[in-house]
Amino acid sequence: MQRFLLFIILIAASVTGADAQVLSQLKREKPDMEQIKRETLDRTSPYYYPRLMKEFLRNDTAMKIDKYRRLYLGYIFQEDYDPYRSSERSINYAATLAKAKNLTRQECDSVIVYAEAALADNPFNMGEMVMLINALRGKGKTNLANIWQYKLNYLLMAIVSTGTGEDEENAWYVIEPQHEYVLLNMMNHTVADHVFYDPSFEFITVKDPSGKDAGGYYFNIGPLLEQYYLKHPDEL
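The structure presented is a predicted model; accordingly, all values stated were derived computationally and were not measured.

(A) The arrangement of the packing of aromatic side chains in detail. Under the criterion given, the structure shown has 15 aromatic pairs. Between Y49 and Y75, the aromatic rings sit 6.2 Å apart at their centres with planes inclined by 25 degrees, giving stacked as the arrangement. Of this pair, Y49 sits in helix 4 (residues 49–57) while Y75 sits in the loop between helix 5 (65–74) and helix 6 (93–100), and the two are 26 residues apart along the sequence. For the residue pair Y49 and Y75, the accessibility class agrees, reading buried in each case. A connected cluster of aromatic rings, assembled from ring pairs, spans Y49, F56, Y68, Y72, Y75, Y81, F124, Y150 and Y154. Across the ring face of Y47, the terminal group of R70 is positioned such that the distance to the ring centre comes to 4.1 Å.

(B) Region of interest: the nonpolar core. One finds F56, L71, Y72, F124 and L155 to be the most contacted residues of the largest nonpolar core, which totals 59 residues. Contact partners of L71, with chain neighbours within four places excluded, come to Y49, L52, M53, F56, M63, F124 and L155.

(C) Examining helix 3 (residues 33–41) more closely. Every buried residue of helix 3 is listed here: M33, I36, E39 and T40. Taken around the axis of helix 3, the buried residues stretch over an arc of 120 degrees, which confines them to a single face. Between the side-chain oxygen of the N-cap and the backbone nitrogen of E34 there are 3.2 Å, and the N-cap of helix 3 in question is D32.

(D) Seen up close, the sheet that holds strand 2 (residues 190–197). One open sheet accounts for four strands, arranged 1-4-3-2; its pairing is mixed. The open sheet terminates on both sides in strands that have one partner only, identified here as strand 1 (172–173) and strand 2. With two bridges joining them, strand 1 and strand 4 (residues 213–220) adopt parallel strand pairing. Bridge pairing links W172 to F219 in strand 4.

(E) Region of interest: the packing of helix 4 against helix 5. Running from amino to carboxyl end, helix 4 crosses helix 5 at an angle of 110 degrees, the nearest separation of the two axes being 10 Å. It follows from the interaxial angle that helix 4 and helix 5 lie roughly perpendicular. Two packed elements cross with a definite hand, and for helix 4 against helix 5 that hand is left-handed. Here helix 4 contributes Y49, L52, M53, E55 and F56 to the contact with helix 5, which in turn contributes K67, Y68, R70, L71 and G74. Split into classes, the residues belonging to the contact of helix 4 with helix 5 amount to six nonpolar, one polar and three charged.

(F) Structural context of the pairing of strand 3 (residues 201–207). Summarising the sheet, strand 2 and strand 3 pair through seven bridges and their orientation is antiparallel. Bridging from a neighbouring strand, Y197 pairs with F201 of strand 3. Between strand 2 and strand 3, which pair antiparallel one after the other, the connecting turn spans three residues. When strand 3 meets strand 4, the two strands line up antiparallel, connected through six bridges. Directly across from T205, in strand 4, lies its bridge partner G216. Hairpin remark: strand 3 followed by strand 4, antiparallel, with five residues in the connecting loop; positive phi at G211, about 90 degrees.

(G) Looking closely at unusual backbone geometry. With an omega dihedral of 0 degrees, the bond running from D198 to P199 counts as a cis peptide bond. Residue position: P199 is located in the loop between strand 2 and strand 3. The phi dihedral of N188 falls on the positive side, at around 70 degrees, and the residue is not glycine. Positionally, N188 belongs in the loop between helix 10 (178–186) and strand 2. We classify N188 as partly exposed; its relative accessible area is 43%.

(H) Spotlight on the packing of helix 5 against helix 9 (residues 142–160). Interhelical geometry of helix 5 versus helix 9 gives an angle of 75 degrees and a closest axis separation of 9 Å. One finds that helix 5 runs roughly perpendicular with respect to helix 9. Here I65, Y68, R69, L71 and Y72 of helix 5 lie close against helix 9, whose contacting residues are Y150, K151, Y154, L155, M157, A158 and I159.

(I) Examining the pattern of salt bridges more closely. With the rule as written, the count across this model stands at six salt bridges. Measuring nitrogen to oxygen at the nearest pair gives 2.8 Å for the salt bridge that ties K207 to D213. Owing to a relative accessible area of 30%, K207 belongs among the partly exposed residues under this scheme.

Thresholds, definitions, all that
- Residues numbered from 1 in each chain as written.
- Predicted model: local features only at pLDDT ≥ 70, side-chain atom pairs only at ≥ 80, totals over all residues.
- Heavy atoms only, no water.
- Phe/Tyr/Trp six-rings, centres within 6.5 Å; stacked < 30°, edge-to-face > 60°.
- Helix = DSSP H or I, 4+ residues; strand = E, 2+ residues; numbered from the N terminus.
- Buried < 20%, exposed > 50% of the residue type's maximum accessible area, 1.4 Å probe, protein only.
- Lys NZ or Arg CZ within 6 Å of the ring centre and 35° of its normal.
- Core = buried A, V, L, I, M, F, W, Y, C linked by side-chain atoms within 4.5 Å.
- Contact = heavy atoms within 4.5 Å.
- Arc of directions from axis to C-beta.
- Polar contact = N/O pair within 3.5 Å; in protein donor to acceptor, adjacent residues only side chain to side chain.
- Pairing = 2+ DSSP bridges.
- Axes fitted to C-alpha atoms, helices over the stretch in contact; angles between N-to-C directions.
- Parallel < 35°, antiparallel > 145°, perpendicular 65-115°, else oblique.
- Left-handed = near helix turned anticlockwise from the far one by under 90°.
- Nonpolar A, V, L, I, M, F, W, Y, C, P; charged D, E, K, R; others polar.
- Salt bridge = Lys/Arg side-chain N within 4 Å of Asp/Glu carboxyl O.

Written out as structure tokens, the structure is:
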């Protein structure tokens, strides 16, 4: 519970009003991936995936946690899903967060161009979202920065809604391994070590801002691996 309260405190700084209330009352439960698959593939469902993505891409801040949860987790059932897609640059997320806060105006212009292109290729590239938000703020484009902050906050809440991260049974679900690092960095942690163990869990130990050990968190990448190997059976 203390870890969840830490997450609330850190994200609450960028959400207000009704959204802050959603965060404080966020229900955490293991996702039924088969149900999410049915909902997001059903054209008659309010969670039909193309419809969700259209809302997301048009910067619709009316989208709430129920839709973001299906948007995020349902992405693994889409044809273009690839959790290990290559990128032109490898992002160190702790460094990204530090760098993003100290951009010159010229750097802001470059970051905006690159980040928008990266997000057009992968709409859930959270590292680029962090860079884009800070670059937009650096250029004085506050309203657009707030929209992207809203998106990032709700995607992180979608992850946190899947469990507590405190043990295997309550592990957080992610659709890309990099999201583990973004979430932990946003919780003001630095990753100390990363261990994968069968059948599909990752345990990440962290340090607090003073460099002291701050325990660890469990992530479930079972659905991620299942969909990846369906598309890449030669890597089994």
